[in-house]
Amino acid sequence: MKNFISVHDVTDMDALIKKALAYKANPYADKSLGANKRIGLLFLNPSMRTRLSTQIAAQNLGMEPIVFNVDKDGWALEFEEEAIMSGNTVEHVKDAAPIMGKYFDILCIRTFPSLKNREDDYSELYINQFIKYAGIPVISLESSTLHPLQSLTDIITINEELASRKPVVGSRPKIVLTWAPHVKPLPQCVANSFSQWVNHWGKADFVITHPEDYELDERFTKGATITTDQEDALKGADFVYVKNWSTYKDYGKIYCYDAEWMLTMEKLKPTNNAKVMHCLPVRRNVELSDEVLDSKSSIVTQQAGNRVWAAQAVISEILSSAK
Ligand code: CP
């Protein structure tokens, strides 16, 4: 693996899942793999889980992680080619990224979308410029359109749960991604990425449910059943993934505040004793009720815990490829 930006960087998803779960059972199995190597974690946006889990993952492999909060501590970066830098940006990524390439062996970057211009956000300019100029492997810690470490974690968690169930010959799990209300416009990254990974995994019946006008980019959802009928979508679900996203077509807007879309215990009744997932952070009693989050149906803490093993498997793959 050279970079980790999307599911397309993974050659064997099952092997990557197996590797992550092996690290969960034995975190220090490859303690010398990253010895004398450094990983840079660049944050242009806030984070708790991604920041901590990726540092722990790197340390488990013997690497030294260095976190740099570009948004707070760094110079304002320019990403446009041939920019006349007479405004607020101080340093071009063309100058900054190669220096980071000298300091680190792997570079990880978190950049959120502006949600103002769809074409700009979906061009993934920020992360692509780092790939172009850093000269070392790049891992996405969430980009403008995707959150691959989160999605790998989600698939790992689903596999872990399925392994603990009695297998039913010939049956496929039903996974439902359901839109939830939120107070502010959020990126489509997690929903895009989860859809991309579940479709690529191909071992589940996948349903996406959202209010009208909340369609995601078909490049990620193609293969899923899409419906605006949440009640019908939830019937027989084994996993319910709850997530808000802003509109894609009329980009970055909130059309629906309808509290009816919040996931409650009542709504879980027609499911197949579904496990409830969310990438976190979550707005309690807006996206999901307290009752659901505090119930045995919720596996959000297990899911967030698995962020370490997903990151460790990816870093390990990149280190092994670079040998
Ligand atoms: N799920 C997730 O990426 O969490 P953080 O924003 O806290 O990293």
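From a predicted model like this one, the values you see are computed outputs, not experimental measurements.

For the bond running from L280 to P281, omega is 0 degrees, close enough to zero to count as cis. Mapped onto the elements, P281 comes out in the loop between β11 (275–277) and α12 (290–293). In this structure, N36 takes a positive phi of about 65 degrees despite not being glycine. Looking at the element boundaries, N36 is found in the loop between α1 (13–25) and β1 (38–43).

Further remarks concern the domain arrangement of the protein. Domain annotation for the protein reports domain 1 (7–146 + 307–322) and domain 2 (148–304). Put simply, the middle of domain 1 and the middle of domain 2, counted by C-alpha atoms, are 25 Å apart. Contact residues are listed per partner, giving 31 residues for domain 1 and 34 residues for domain 2. Of the roughly 2900 Å² buried where domain 1 meets domain 2, counting both sides, 66% is carbon and sulfur surface. Broken down residue by residue, the surface that domain 1 buries against domain 2 is led by L115, Y122 and R307, which jointly contribute 25%. Inspection of the domain 1/domain 2 interface yields two salt bridges. In this structure, E160 and K24 form a salt bridge, with 2.6 Å as the shortest nitrogen-oxygen distance. Between the two partners, domain 1 and domain 2, sit 10 residue pairs in polar contact (both at pLDDT 80 or more). Top contributing element to the side of domain 1 that touches domain 2 by residue count: α1, with seven residues. Of the residues contributing to the side of domain 1 that touches domain 2, the split by class is 16 nonpolar, seven polar and eight charged.

In this structure, F4, I106, I139, L152, I175, V314 and I315 are the most contacted members of the largest nonpolar core, which totals 58 residues. Among the elements that make up this core, the one with the highest residue count is helix α14 (residues 307–322) (nine residues). Each of domain 1 (7–146 + 307–322) and domain 2 (148–304) contributes no fewer than three residues to this core. When sequence neighbours within four positions are dropped, the list of residues in contact with I175 reads I158, F194, V198, W201, A204, D205, F206, V207 and F239. The next biggest cluster of nonpolar side chains, apart from the first, holds 19 residues, and it includes I5, V70, Y133 and V138.

All residues in the neighbourhood of the ligand are listed as S47, M48, R49, T50, R110, H147, Q150, C279, L280 and R307. Within the backbone of R49, one N or O atom sits 2.9 Å away from an oxygen atom of the ligand. The backbone of L280 places a nitrogen or oxygen atom 2.9 Å from a nitrogen atom of the ligand. Relative to its unbound accessible surface of 250 Å², the ligand loses 93% to contact with the protein. The residue makeup of the shell around the ligand, split by class, is three nonpolar, four polar and three charged.

Conventions we followed
- Residues numbered from 1 in each chain as written.
- Predicted model: local features only at pLDDT ≥ 70, side-chain atom pairs only at ≥ 80, totals over all residues.
- Heavy atoms only, no water.
- Helix = DSSP H or I, 4+ residues; strand = E, 2+ residues; numbered from the N terminus.
- Domains from an automatic or database assignment.
- Contact = heavy atoms within 4.5 Å.
- Buried area = accessible area lost by both parts, 1.4 Å probe.
- Salt bridge = Lys/Arg side-chain N within 4 Å of Asp/Glu carboxyl O.
- Polar contact = N/O pair within 3.5 Å; in protein donor to acceptor, adjacent residues only side chain to side chain.
- Nonpolar A, V, L, I, M, F, W, Y, C, P; charged D, E, K, R; others polar.
- Core = buried A, V, L, I, M, F, W, Y, C linked by side-chain atoms within 4.5 Å.
- Buried < 20%, exposed > 50% of the residue type's maximum accessible area, 1.4 Å probe, protein only.
- Near = heavy atom within 4 Å.
- Areas by Shrake-Rupley, 256 points an atom, 1.4 Å probe, with all protein chains shown as cover.

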